[in-house]
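Structural overview for review
What follows is the residue order along each chain.
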Amino acid sequence: MSGIMKSSLFFTKKVGSYSDGWGEVTGEDRTWEQSYRDRWAHDKIVRSTHGVNCTGSCSWQVYVKDGIVVWETQETDYPPTPAGVPNHEPRGCPRGASYSWYLYSASRVKHPLIRAELKAAWEDARKTMKPIEAWASIVENPQLRKSYTAARGLGGMVRTTWDEALEIIASANLYTIKKYGPDRISGFSPIPGYSMVSYGAGTRYLSLIGGALLSFYDWYCDLPPSSPQTWGEQTDVPESEAWYYSSYIIVWGTNISMTRSPDAHFLTEARYNGTKVVNVCPDYCEVTKDADWWIHPKQATDAALAMAVSHVIFKEFHYEHPDPYFTEYCRKLTDFPILVTMEPRADGRYTAGRTVRACDLGYKEPECNNPEWKTVVWDELSKAPAVAQGSMGYRWGQKEGQDLGKWNLHEVDGETGKAIKPQLTFLNDSDAVIDVEYPYFGGRERDGFPNNAMASDVMVRRVPAKRVPLNGQDVYVATVFDLFGSYLGVDRGLGGECAKSYADNIPFTPAWQEKITGVEAQYAITLAREFATAASKTQGRACVLMGAGVNQWFQTDNTYRSIINILLMCGTCGVPGGGWCHYV
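Residues numbered from 1 in each chain as written. Predicted model: local features only at pLDDT ≥ 70, side-chain atom pairs only at ≥ 80, totals over all residues. Heavy atoms only, no water.

What to know about the sheet that holds strand E3 (residues 44-48)
Taken in spatial order, the three strands line up as E3-E4-E5 in an open sheet, and their pairing is antiparallel. Strands with a single pairing partner mark the edges of an open sheet, and in this sheet they are E3 and strand E5 (68-74). Neighbour to neighbour, the strand axes of the sheet diverge by 30° on average, direction disregarded. Sheet analysis places strand E4 (residues 60-65) next to E5, joined by six bridges and oriented antiparallel. (Pairing = 2+ DSSP bridges. Helix = DSSP H or I, 4+ residues; strand = E, 2+ residues; numbered from the N terminus. Axes fitted to C-alpha atoms, helices over the stretch in contact; angles between N-to-C directions.)

Dropping the structure here:
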């Protein structure tokens, strides 16, 4: 009988008494207690993390006995945060604490699996044919090919050997290369955060055979394409500690209370520190309970809400009462001052063309490095175009006496070295006010989604412009700032199609978005004012936490950039506690 079973035999323990029977002497076998001691016994402790599809990278102490993980505890030796800021530790979540169960789970795939129909076809073909011929006989036979492709999604996976699996893969690749060419093979390997060795192996293989290497994020859109489109890099966002520095946080499409368990405490601690938290999400998700305010637009309509917020911020904080901090930030650190060519149409109107570049001003190779990649602004000091230092053309091919060391954005003409002051708008000194056409997609009918049809699918806006000589011709140009303000439909006294009030159903007013998102116009106005006011008072310490709830919908690049516009107009990016924070 085991020690644990013996411990349950209560009435067999008495062996004597004392004090006239008031006391009792028992004989107990306490060896059963050893089973509990053995449960927590271990041979060694290993530091590790749970890196499979999780970027939390929490540090854990893994206790190992006889080569088996028996239990885990959170490590507590993270470097301390600055004084007055909560520490990162303890980092971890229930999923991590139970991760060792996954290691030894019966459902874990430990060997190759293949569809039974394909395995049967392959083994039959290999009886008489070489590998590549065998694969050709399968895929070029419509009945055989349909036998396994039609079974997809229905289960039916059976075990195979590594040798057979690798032979099939190699044969399929060689067959494709031979018949169609190597560039018809495309693929991606595990993310670097999961395993750099696995990522490097797959990447190297595809590169060596001449295949097309896809990003793993092309498949499931984990990281936002809006980031390289806007900044030229992939998701350079702050760590969660920065949330504590923020004065206003919008959680927009990310459920960090569930998906970022090790970091979520910073959101709660920020609220204790006085930060207001707003959750924008169609459903009442976990992070809603941690927010001060829940705004719930209809799914996939986030861009409409963001555009309405931009409309209010541009109108109140950039036109009616320009905020000094916002103005300087936008002038120095965004593309708002960059000049764009206006392309004339047969009807006398214009459309926005491309950015003006140094090559349009007469700069040429080799005297000027990369003139096609250096953007141009209007200099308030010289009243003339200038090549502002720090654009993409200054980033490579640097030479002594030309662009060497000219990496950063400075108020300097990178070609002449003269001080400049980029001008945001031509509102008060334009050569003409022109009609510019923009496409409007909000009127399209889509099943399950509301639309807001206008009289036309083309919006006509009035834009202040200057006439400048480019490549020997006088061309109208406008700043990105003026184009953006006109696109938003903000009334700046130029006439034409624009919103006289927020109640006008004109793209992109709060009233306009209400018909699409279901969010009351007043909520959009309040959100814009509160966020911009907080950013103004704290010099940019307001942020938006963004994630898969928005990013994994169609047109994610446009939706994300509509939110990024808000952050840039309020001078938040690059400020501790400000900017955009993408977390799945």
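Some thoughts on empty space enclosed by the protein
Summed over the entire model, instances satisfying the criterion amount to one cavity of 30 Å³ or more. Along the walls of the largest cavity sit Arg-461, Arg-462, Gly-485, Ser-486, Gly-489, Val-490, Asp-491, Arg-492, Leu-494, Gly-495, Glu-497 and Cys-498, which together make up its complete lining. Its residues assigned to classes, the lining of the largest cavity comprises three nonpolar, four polar and five charged. (1 Å grid on protein atoms, 1.4 Å probe; cavity = no way out; pocket = protein on both sides within 12 Å on 5 of 7 lines; lining within 4 Å. Points joined across faces, edges and corners; volume = space filled by probe spheres on them. Nonpolar A, V, L, I, M, F, W, Y, C, P; charged D, E, K, R; others polar.)

Structural notes on the state of the cysteines
Each disulfide consists of one covalent bond between the sulfur atoms belonging to two cysteines. Using the criterion set out here, one finds zero disulfides in the structure. In this model Cys-281 remains outside any disulfide bridge; the closest cysteine sulfur is found in Cys-285, 3.8 Å from its own. The class of Cys-281 is buried, set by a relative accessible area of 11%. Free cysteine Cys-368: the closest other cysteine sulfur is in Cys-359, separated by 8.8 Å. (Disulfide = S-S within 2.5 Å. Buried < 20%, exposed > 50% of the residue type's maximum accessible area, 1.4 Å probe, protein only.)

Section: the environment of Trp-122
Within the secondary structure, Trp-122 is located in helix H5 (residues 116-126). With relative accessibility at 1%, the residue Trp-122 sits in the buried group. Contact partners of Trp-122, with chain neighbours within four places excluded, come to Pro-131, Ala-134, Trp-135, Ile-138, Glu-164, Glu-167, Ile-168 and Ser-171. (Contact = heavy atoms within 4.5 Å.)

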